[in-house]
Protein chains: 2
Amino acid sequence: VSATRRLKPGDTIGILGGGQLARMLAIAAAPLGLRCQIYAPAGDNPAFDVAAARTIAAYDDAGALARFGQTVDLITYEFENVPDATVALLASSGAPVRPGVMALRISQDRALEKAFLAEHGVAVAPWTPIDDVAALTAALADPVFARAILKTRRFGYDGKGQLRLRAGENATHAFAAIGRAPAVLEAMVDFRTEISIVAARGLDGAFAAFDATENRHDGGILARSTAPAAVTPRTAEAAAGIARRIAEAFQYVGVLAVEFFVVGEGADERLLVNEIAPRVHNSGHWTIEGAETSQFAQAIRAIAGWPLGPTGRRAATVTMDNLIGDAIAAWPAIVVEPGAHLHHYGKAEARPGRKMGHVTRLKA
Amino acid sequence: VSATRRLKPGDTIGILGGGQLARMLAIAAAPLGLRCQIYAPAGDNPAFDVAAARTIAAYDDAGALARFGQTVDLITYEFENVPDATVALLASSGAPVRPGVMALRISQDRALEKAFLAEHGVAVAPWTPIDDVAALTAALADPVFARAILKTRRFGYDGKGQLRLRAGENATHAFAAIGRAPAVLEAMVDFRTEISIVAARGLDGAFAAFDATENRHDGGILARSTAPAAVTPRTAEAAAGIARRIAEAFQYVGVLAVEFFVVGEGADERLLVNEIAPRVHNSGHWTIEGAETSQFAQAIRAIAGWPLGPTGRRAATVTMDNLIGDAIAAWPAIVVEPGAHLHHYGKAEARPGRKMGHVTRLKA
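Residues numbered from 1 in each chain as written. Chains lettered and ligands numbered in written order. Predicted model: local features only at pLDDT ≥ 70, side-chain atom pairs only at ≥ 80, totals over all residues. Heavy atoms only, no water.

**With respect to the overall build of chain A**
Here comes step 1: Helix and strand content of chain A: eleven helices and 17 strands.
Here comes step 2: Its C-alpha atoms give chain A principal-axis dimensions of roughly 60 × 50 × 40 Å.
Here comes step 3: By residue count, 57% of the 364 residues in chain A fall in the buried class.
Here comes step 4: Here chain A has roughly 13700 Å² of accessible surface; of this, 54% comes from carbon and sulfur atoms.
Here comes step 5: Of the charged side chains in chain A, 37 are positive and 37 negative, and the gap between their average positions amounts to 3 Å. (Helix = DSSP H or I, 4+ residues; strand = E, 2+ residues; numbered from the N terminus. Buried < 20%, exposed > 50% of the residue type's maximum accessible area, 1.4 Å probe, protein only. Areas by Shrake-Rupley, 256 points an atom, 1.4 Å probe, with all protein chains shown as cover. Lys, Arg positive; Asp, Glu negative; His and termini not counted. Charge placed at Lys NZ, Arg CZ, Asp CG, Glu CD.)

What follows is the structure, given as structure tokens:
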């Protein structure tokens, strides 16, 4: 029953995580008549501002999780760094968990994720698992990793837990710098650009992708997304096809994002998957105004077991710029700029590197 | 200071009333980084689902009002049937109240409203105040009121507190039927259609109106709004001009709606004001998808002291149909209809005559 449950207006979605993704999910759920309850540890939780109820508790508080599970009709998570044990515990309470625990478990571990992609015939950059200094020393001797990036297997986001390395660098220092945590070493790819696909798979197996989006990062953090991406139609189609293959392999229900490196140009253009996110994604924020259905409404529709909405783009070009740290101070100029749409996350403190909001611009 | 206070992201707006208007105001406030707290008596309060905090208390609970006033940066109200004493008490707490107490007091009393309109040279249907049976008997003898409508001065909405009368009807029975409350008798107008203007005036005195909207009522309740209204450009301009005159007379800050009867056709087309609402209005719901700025975002901008947003229409025609009572059961068909946008208010019980949601359709 749990696996096929469809929500109806008045039902409640429990969201693990209280950040801006949960906030925008809750805003999108409201017009569909669905309530959101947020579960998050103490802190600055912008989703609390737009939720029907909130639980402030640790992700390992079994009692609080059990009570939360009993008051909601469905459970989802806003990001993949929620412990999978938390989600598994909630799943045992009887409420469906969408997207499922499998997608969460695999996407929160870079080694599992890369192995999963390889199993499904999806190309990634050369990589090797690193569990100790000896493994790192050996890998750095391989010319494939002459320029490489060491990433912790778990709990990395926005460039955290990552270190760029070159052949001959001191493996002991490098491994210490990432906290001696299980890691992967990835060969640096000479990519031409980065793109992503944000797509949804419904409870009925339907699949719908938004347009491929081109992403520019700055210091490891997404700075700007532009839709559509400047890639060949064949590449855009291939990217959507890979997202679909991944969604089907997971028997996924919800919105997911796949980030790609684009290597080569024109007829030589090809794709390597960088990473998967089992959730709405920063590179899909442009869909709020820029697509017929926003990624947030689409995610709610998918997990609720409702039909997916149309994903057409509403303007020739849509750009989304993150407002990071002090950049949020530009809000007074943005609210008077014709065609600009401010999304202020209402966070209390504008720390450097912190995503404080974004602005979307539609160009005819 | 209070009169000129401008909010900044992170500030909190206190809203009196917990219905769908407050709900849609709170949803619109979030992307601007503004929090909403709701104050409402116990009951089904759909705005509670999307608010940062809620106070459940009576409108005459002075202690609860005082505490509420101290936790918010600004106070507004979602509808004009909030007692003006409540708003006046809150105003004395120091937080600015927008729109002001004057607009509230006048628009919640049909006799004061009509006198105010007359003072500002705005045409209304013939009317007379009715305080007792004798006054009603005398008025019904006047041929002007051969077909008339008796309305309580206060607390009427959606056709409640109203009674249609003809010459010769029993004044005692009629006055009893509306509860022997102070009333007005209005001559029935042979109008061709009904239109409304939803407009905003900013703290800086700027004025911006949405397109004139044509409204069809059913049993005293708005059934459908269509933008733009099928009236001459001269009439549409005159309607916006009247809304502006009213807004300026009130030194209004916020969104207001003016409902008109349109009498005659073509060059003979003329306007009579039916009533004023000092708030966002059901006939402006089409602006959520249909205009560059929604009436809800515009209201938040105006009361926050921010510049008004652009009001251009986004499609050739926009229609908004209310989903009243059991009509809400159509939601599964609406969520799969291309170009249709569901707004489900999340109310628990679909009683007859109750506004449960609406659906907006854009037509190129």
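**Some details on the pairing of strand S17 (residues 355-363) of chain A**
Residues and elements named next belong to chain A.
Here comes step 1: For S17, a buried count of seven out of nine residues is recorded, marking the element as mostly surrounded by other parts of the structure.
Here comes step 2: Across eight bridges, the pairing between strand S15 (residues 317-324) and S17 is antiparallel. Pairing of Leu323 across the sheet is with Gly357, part of S17.
Here comes step 3: Summarising the sheet, strand S16 (residues 340-344) and S17 pair through five bridges and their orientation is antiparallel. Bridging across to S17, Ala340 finds its partner in Arg361. (Pairing = 2+ DSSP bridges.)

**A look at the sheet that holds strand S1 (residues 12-16) of chain A**
Residue and element names in this part refer to chain A.
Here comes step 1: In spatial order, the strands read S3-S2-S1-S4; together these four strands make up an open sheet with parallel pairing. In this open sheet, the two edge strands, each paired with only one partner strand, are strand S3 (53-56) and strand S4 (74-77). Between one strand and the next, the sheet's axes are offset by a mean angle of 20°, whatever the strand orientation.
Here comes step 2: Strands S1, strand S2 (35-40), S3 and S4 of the sheet are contacted by helix H2 (residues 62-71), whose axis makes an angle of about 175° with S2. (Axes fitted to C-alpha atoms, helices over the stretch in contact; angles between N-to-C directions. Contact = heavy atoms within 4.5 Å.)

**With respect to the pattern of salt bridges**
Residues and elements named next belong to chain A.
Here comes step 1: Under the counting rule described, the total for this entry stands at 36 salt bridges over all chains.
Here comes step 2: With its nearest N and O atoms 2.8 Å apart, the salt bridge here joins Arg224 to Asp321. Of this pair, Arg224 sits in strand S12 (residues 221-227) while Asp321 sits in strand S15, and the two are 97 residues apart along the sequence.
Here comes step 3: Its relative accessible area of 31% is what places Arg224 among the partly exposed residues.
Here comes step 4: Via salt bridges that share partners, Arg224, Asp321, Glu337 and Arg361 belong to a single interconnected network. (Salt bridge = Lys/Arg side-chain N within 4 Å of Asp/Glu carboxyl O.)

**Considerations on the packing of helix H1 (residues 20-29) of chain A against helix H10 (residues 295-304) of chain A**
Residue and element names in this part refer to chain A.
Here comes step 1: Viewed as axis vectors pointing N to C, H1 and H10 meet at an angle of 70°, and their least axial separation amounts to 8 Å. The angle between H1 and H10 places the two elements in the roughly perpendicular class. The segment H1 lies against H10, with Leu21, Met24, Leu25, Ala28 and Ala29 engaging Phe296, Ala297, Ala299 and Ile300.
Here comes step 2: Residue composition of the contact of H1 with H10, grouped by class: nine nonpolar, no polar and no charged. (Parallel < 35°, antiparallel > 145°, perpendicular 65-115°, else oblique. Nonpolar A, V, L, I, M, F, W, Y, C, P; charged D, E, K, R; others polar.)

**Side note on the environment of B:Gln108**
Residue and element names in this part refer to chain B.
Here comes step 1: With respect to the helices and strands, the residue Gln108 is situated in the loop between helix H4 (101-107) and helix H5 (110-119).
Here comes step 2: For Gln108, a relative accessible area of 3% puts it in the buried group.
Here comes step 3: Sequence-wise, Gln108 and His120 are twelve residues apart; in three dimensions their C-alpha atoms are separated by 18 Å.
Here comes step 4: Not counting residues up to four positions away in its chain, the partners in contact with Gln108 are Glu80, Val82, Asp84, Arg153, Arg154 and Phe155.

**So, the nonpolar core**
Here comes step 1: With 112 residues, the main nonpolar core has A:Ile13, A:Leu34, A:Ile38, B:Ile13, B:Leu34 and B:Ile38 as its most contacted residues.
Here comes step 2: Other than its neighbours up to four places away in sequence, B:Ile38 contacts B:Ile15, B:Gly17, B:Gly18, B:Ala22, B:Ala47, B:Phe48, B:Ala51, B:Ala53, B:Arg54, B:Thr55 and B:Phe68. (Core = buried A, V, L, I, M, F, W, Y, C linked by side-chain atoms within 4.5 Å.)

**Topic: the interface of chain B and chain A**
Here comes step 1: Residue-level contacts link 29 residues of chain B with 28 residues of chain A.
Here comes step 2: Buried area between chain B and chain A, summed over both chains or domains, comes out near 2400 Å², and the portion from carbon and sulfur atoms is 58%.
Here comes step 3: One can count two salt bridges joining chain B with chain A.
Here comes step 4: A salt bridge links B:Arg35 to A:Asp49, with the nearest nitrogen and oxygen atoms 3.0 Å apart. (Buried area = accessible area lost by both parts, 1.4 Å probe.)

**Describing the sheet that holds strand S6 (residues 147-152) of chain B**
Within a sheet, adjacent strands bond to each other through the backbone by hydrogen bonds, running parallel or antiparallel.
All names here are of chain B.
Here comes step 1: Read from one edge to the other, the open sheet built from four strands follows the order S5-S8-S6-S7, with strand pairing classed as antiparallel. Looking at the sheet topology across the chains shown, the edges are occupied by strand S5 (127-130) and strand S7 (162-166). Across the sheet, the mean angle separating the axes of adjacent strands is 25° when strand polarity is ignored.
Here comes step 2: Here H5 sits on the sheet and contacts S5, S6, S7 and strand S8 (183-187); the angle it forms with S8, its principal contact strand, is near 55°.

**What about the relation of the copies chain B and chain A?**
Here comes step 1: You can overlay chain B on chain A at an RMSD of 0.0 Å; the transform is a turn of 180° with a shift of 0.0 Å along its axis. One copy is carried onto the other by what is essentially a two-fold rotation axis. Within chain B, the C-alpha atom positioned nearest to the axis of rotation is that of B:Val50, 2.0 Å from it.
Here comes step 2: Same-surface contact between copies: 97% of interface residues of chain B are shared with the interface of chain A. (Least-squares fit on C-alpha atoms with pLDDT ≥ 70 in both.)

**Notes on the packing of helix H2 (residues 62-71) of chain B against helix H3 (residues 84-91) of chain B**
Angle between the axes and distance between the axes: these two values describe a pair of packed helices.
Residue and element names in this part refer to chain B.
Here comes step 1: H3 packs onto H2 with a crossing angle of 45° between their chain directions and a minimal axis gap of 9 Å. Between H2 and H3, the interaxial angle falls into the category oblique. For the pair H2 and H3, the sense of crossing is right-handed. Contacts between H2 and H3 pair Ala62, Leu65, Phe68 and Gly69 from the former with Thr86, Leu89 and Leu90 from the latter. (Left-handed = near helix turned anticlockwise from the far one by under 90°.)

**Overview of H5(B)**
Here comes step 1: Among the residues making up H5(B), those that are buried are B:Arg110, B:Ala111, B:Glu113, B:Lys114, B:Phe116 and B:Leu117.
Here comes step 2: Taken from the residues just after H5(B), B:Gly121 is the one with a positive phi, measuring 70°.

**A few points about unusual backbone geometry**
Here comes step 1: Each neighbour pair has its own omega, and for A:Arg98 with A:Pro99 the value is -15°, a cis peptide bond.
Here comes step 2: Along the chain, A:Pro99 turns up in the loop between helix H3 (84-91) and helix H4 (101-107).
Here comes step 3: Phi at A:Gln251 is positive, roughly 45°, even though this residue is not glycine.
Here comes step 4: In this fold, A:Gln251 is placed in the loop between helix H8 (233-249) and strand S13 (254-263).
Here comes step 5: The exposed category is assigned to A:Gln251, whose relative accessible area is 55%.
Here comes step 6: Even without being glycine, B:Arg180 reaches a positive phi, approximately 55°.
Here comes step 7: Following the sequence through the fold, B:Arg180 ends up in the loop between helix H7 (171-177) and S8.

**Brief notes about the pairing of S16(A)**
Here comes step 1: Of all five residues in S16(A), five are buried; the element is thus mostly enclosed.
Here comes step 2: The two faces of S16(A) match: A:Ala340, A:Leu342 and A:His344 on one face and A:His341 and A:His343 on the other face are all buried.

**Quick look at the confidence of the model for chain A**
Here comes step 1: Per-residue confidence for chain A gives a mean pLDDT of 95, with 99% of residues at or over 70.
Here comes step 2: Our summary of model confidence lists the complex with pTM equal to 0.95 and ipTM equal to 0.94. (pLDDT = per-residue confidence, 0-100.)

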